[in-house]
Every structure is written in C-alpha cells, then in structure tokens.
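Coordinate analysis (summary)
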Amino acid sequence: MSDLFSKFDDLIAMREGLLSTGVTDPFNLVMEKVESPTVAICNGRRTILLGTYNYMGMTFDPDVVAAGKKALDEFGSGTTGSRVLNGTYQGHRECEDALKDFYAMDHAMVFSTGYQANLGIISTIAGKDDYIILDIDSHASIYDGCAMGNAQIVPFRHNDIEALEKRLKRVPEGAGKLVVLEGVYSMLGDIAPLREMVRVAKENGAMVLVDEAHSMGFIGENGRGVAEAQGVIDDVDFIIGTFSKSVGTVGGFCVSNHPKFEILRLVCRPYVFTASLPPSVVATAATSIRKLMNSADKRAHLWENSKRLHAGLRQLGFKLGTDEPQSAIIAVIMPDLETGAAMWEALLNEGLYVNLARPPATPANMTLLRCSLCAEHTSEQVDEILGMFAAAGRATNCIS
Ligand SMILES: Cc1ncc(COP(=O)(O)O)c(C=O)c1O
C-alpha cells in the first residue's frame, strides 16, 4: 500500500527538528481566556495580543456583542441551511445592506468565510478559457479560486506595474481577463500601487478584483480600503473582504456595481453548497460594519500605533518588511526559522503574542514575526511591546 502521507515527510522532519530544540510549538498556542481585543491569558500568563488582525478592536464592542446575543435569543444558534434554501434570514439581508451602505455599492454577497468569497467569486467569473493575471504574492484563497475555476493563471512579480502590463498585453485577443490584486499584502504589510495597476488593467480591457481583507475598516477616508485611499474604487469591479479582521467576527463578502452581479447567487458553488452564517454572526457583523462607518478617530489612533511601533522597532535595530509603515501590519524579518522560533518564544515569555510566519507562506523564503496592531492598543501598550522586543531581541541575539 502506498503511503499517501509520504508527501508530508519533509514538513514533518522540519517540524520535528524545530521542536527537538526544545522551543514551544509556535503553531499550537491556546488562548485560555481572552480579556479584551488586546489582552489574553496564554500559558497562565497575561499576554498582550499583537498578532490577531483585530485591527479595529470590534470583538468586545458592547453594541456588537449585544447584537449577537439578541440574535442568538431570537433566531437560534444556526440556520442549518444554504443561502439559496432556508439559510437566508433577515440578518443576512441586513448584513448585506450594511455592506452596500459601507461601500456605497449596488450589490453585496455574504459568504461563510473570506476564503470562500475568493474561492467562489474568482472560480465563478473566470473559467477555463479566461485569463487571471495576479500578483505572485497573492493569498492562498486567491490561488485556490483560480485553480477551482480552471482559468489560465498568469502571475506577475509582486507590485510590479510594468510586469502586469506586459502580461496583460500577451493575453490572446478576445479572451476574458481578470486582474486580481490585494490592497494590503499581509506578509510584509505593504500596499499595492492600485492607482496605476487599475489604470493599466482598464486600458487593457480587464476586469479588476481587489481583496481588501487587511485594509477594510482602517485604510481610506471611510475605511473602504486602499482602492478608496488611492481614488480608484469606482474602477474596481469586485471588492472582496472578510469579517475576520476589522469587523471582528467571521465571514466574507464581495461587493460590486456590476449590473448582472445577483446571478452569482445561483451559480457560485461556495455560496450555494454550504450552510450560511449563524444569525448571531451576521448580527454582530452588521452592527460592526455600521459602527466602522463612523470610526475616524479609531482609524487615526491605529495609524499612530502603527507609526509608533514601526519607528520603535527600527530604532532597536530590527529589520522590517517596509521602510515606512504602510498598514497596521509590521513584519519583523528574522534571519532563519530557528532564530524566528526562539524570538517568538522569548516574546511569549515576556508576555507578547505575535505571529510566526515561515515558508512557503512567506515571500522569498523569509521567516517573519508579523505584528498586527489594534485601534484598542494604548500608546502605553505599544511602549510596553517595544520593551518586550528589546528584551527578547537581546536574549536571542537578534539585536545588540
Ligand atoms: C488577503 C486575504 N484574503 C482572504 C483571507 C481569508 O479570510 P477569512 O479568514 O475570512 O477566511 C485572508 C485571511 O487571512 C487574507 O489574508
């Protein structure tokens, strides 16, 4: 009998090698209690959270929590059905209405996760004879959507406008073209040059989809994302987003002004063939989205936090993913996986949680300590975080 697990042998060896050094498993941490968007108990210790993507800190917002409890009482714990059968409740409609208002767009479709939103929209609109031109550093859900639809995939070098243009010009005459971009790339926290890229895509007759998972709620005057901040949102055909970051719950969505958009509800398999989100989840999402419309002060404070952490880490001597803070993600580049894991553990022992990211999820085989800031982090907490980085960095010889 062939062992279907033999393909994982290299990964198993890498994991065992890492754990044999005695380091805590960075991919197996348990949050024993969560006290707020910025503090949890891990290994019995108070831990500051700096790796949750809970950018706007909505998870403990009293209105959001109250909306979830009310929906749980009034509509029960789950829908037990697909959106196209018994799974569309009043709350799903209200959630889609909140998204339409938030983005000022005609259509909104809610999925059970952001992963499924990319999977569903991309695979449904771009099929076998169509071309998808995408940034090589795109999220796994984008690649999986391309594969599911069986489209021709044409990757281009990360954030390279000329490379995008060249690839577009090589697409056969008359073929369907979809350019897929992200507002913020979550590994290094850098943003896309959407103004130029959307222009190039349109000049070459392509439709454009932008995944704003890491920018919704925070970037842009109204928190609509990088496309808004760079003044091209009206030229973007589809915006994909998630409720699992700034919105503070779980779910995904696509918004669009395309006049035929609603037909997707009947043909998009990851929308049709799965159960819809529980009523409590869509109620929390709708409440959160509406509050995010009026959160300019929180957005301003989150920018302050991002700038403060970026400047402080640089001053300590850490190598960072971007020269300037471009989003609420600050990536600290580690020399290798062993040092990264040691630093991750040293930070945890100091009382700080960050994400350890390693190849193949990272670009250029980098090991990263990814920090994501929250609008609920106080300036004092950011200073405390910097103190922890200084201590852990010296203990692991990452800085002198
Ligand atoms: C760019 C991007 N798109 C989509 C997703 C998927 O979102 P969700 O957690 O809702 O499945 C993520 C999540 O990490 C992401 O980073």
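Residues numbered from 1 in each chain as written. Predicted model: local features only at pLDDT ≥ 70, side-chain atom pairs only at ≥ 80, totals over all residues. Heavy atoms only, no water.

In the contact formed by helix α6 (residues 161-170) and helix α7 (residues 194-203), the axes pass within 10 Å of each other and the chain directions differ by 15 degrees. Comparing the axis directions of α6 and α7 gives the class roughly parallel. For α6 against α7, the interelement crossing comes out right-handed. On the side of α6, the interface is formed by I161, L164, E165 and L168, while α7 contributes E196, M197, V200, A201 and E203. When the residues that make up the contact of α6 with α7 are grouped by side-chain class, the tally is six nonpolar, no polar and three charged. (Axes fitted to C-alpha atoms, helices over the stretch in contact; angles between N-to-C directions. Helix = DSSP H or I, 4+ residues; strand = E, 2+ residues; numbered from the N terminus. Parallel < 35°, antiparallel > 145°, perpendicular 65-115°, else oblique. Left-handed = near helix turned anticlockwise from the far one by under 90°. Contact = heavy atoms within 4.5 Å. Nonpolar A, V, L, I, M, F, W, Y, C, P; charged D, E, K, R; others polar.)

We now examine the pairing of strand β3 (residues 45-49). Remember that side chains alternate between the two faces of the sheet whenever the strand is regular. Where strand β2 (residues 39-42) and β3 come together, four bridges link them in antiparallel fashion. Bridge assignment links I41 to a residue of β3, and that residue is R46. The turn linking β2 back onto β3 is made up of two residues, and N43 within it adopts a positive phi angle of 50 degrees. Relative to strand β14 (residues 352-353), β3 runs parallel, the two sharing two bridges. By the bridge assignment for β14, L49 is matched with Y353. (Pairing = 2+ DSSP bridges.)

The first and last C-alpha atoms of helix α2 (residues 62-75) sit 20 Å apart over 14 residues, in line with the 20 Å expected at 1.5 Å per residue. Looking at α2, one finds that the buried residues are V64, A67, G68 and A71. For α2, the arc enclosing every buried residue in end-on projection is 100 degrees, short of the 170-degree limit, so these residues lie on one face. The exposed residues of α2 that point more than 90 degrees off its buried face are P62, K69, K70 and D73. Among the structural elements, α11 (279-292) are those in contact with the buried residues of α2. Its side-chain oxygen at 2.9 Å from the backbone nitrogen of D63, D61 defines the N-terminal cap of α2. Positive phi shows up at G76, right after α2, with a value of about 90 degrees. (Expected span 1.5 Å × (residues − 1). Buried < 20%, exposed > 50% of the residue type's maximum accessible area, 1.4 Å probe, protein only. Arc of directions from axis to C-beta. Polar contact = N/O pair within 3.5 Å; in protein donor to acceptor, adjacent residues only side chain to side chain.)

Of note, the amide linkage connecting P359 to P360 takes the cis form, showing an omega dihedral of 5 degrees. Relative to the assigned elements, P360 resides in the loop between β15 (355-357) and β16 (367-372). Even without being glycine, N43 reaches a positive phi, approximately 50 degrees. In this structure, N43 sits in the loop between β2 and β3. Judged by its relative accessible area of 54%, N43 falls in the exposed class. Residues other than glycine seldom take positive phi values, yet A364 does so here, at roughly 50 degrees. If you trace the backbone, A364 turns up in the loop between β15 and β16.

A few words now on the domain arrangement of the protein. Here the protein is described as being made up of domain 1 (26-56 + 296-395) and domain 2 (62-292). The C-alpha-based centres of domain 1 and domain 2 are spaced at 26 Å. On the domain 2 side, the residues contacting the 21 residues of domain 1 number 20 residues. In total, domain 1 and domain 2 occlude about 1800 Å² of area from one another, counting both sides; carbon and sulfur atoms represent 62% of this. Inspection of the region where domain 1 meets domain 2 yields zero salt bridges. In this structure, the connection of domain 1 to domain 2 is made through six residue pairs in polar contact (both at pLDDT 80 or more). Of all the secondary-structure elements, those providing two or more residues to the side of domain 1 that touches domain 2 are α12 (296-316), β13 (329-334) and β16. For the side of domain 1 that touches domain 2, the per-class residue count stands at 13 nonpolar, six polar and two charged. (Domains from an automatic or database assignment. Buried area = accessible area lost by both parts, 1.4 Å probe. Salt bridge = Lys/Arg side-chain N within 4 Å of Asp/Glu carboxyl O.)

Moving on, we come to the sheet that holds β15. Across the sheet, which stays open at both edges, the three strands sit in the order β13-β16-β15 with antiparallel pairing between neighbours. Two strands bound the open sheet, and with one partner strand each, they are β13 and β15. If you compare each strand with its neighbour and ignore which way they point, the axes differ by 25 degrees on average. Packed onto the sheet, α12 meets β13 and β16 and runs at close to 20 degrees relative to β13.

Okay, α6 next. Along α6, the residues classified as buried are A163, L164 and L168. Each buried residue of α6 sits inside an arc of 135 degrees when the element is viewed along its axis, so together they form one side. In α6, the exposed positions that point more than 90 degrees away from the buried face belong to E162, K169 and R170. Buried residues in α6 make contact with β5 (131-135), β6 (152-156), β7 (177-182) and α7.

Applying the stated criterion across every chain, the model contains eleven aromatic pairs. Relative to Y89, the ring of F75 lies with its centre 6.0 Å away and its plane at 40 degrees, an arrangement referred to as tilted. Separated by 14 residues along the polypeptide, F75 in helix α2 and Y89 in the loop between α2 and α3 (90-103) bring together distant segments of the chain. Every member of this aromatic cluster is reached through a ring pair, and the members are F102, Y103, F243 and F253. Taking the ring centre of F8 as reference, the NZ or CZ of K7 above it sits at 5.5 Å. (Phe/Tyr/Trp six-rings, centres within 6.5 Å; stacked < 30°, edge-to-face > 60°. Lys NZ or Arg CZ within 6 Å of the ring centre and 35° of its normal.)

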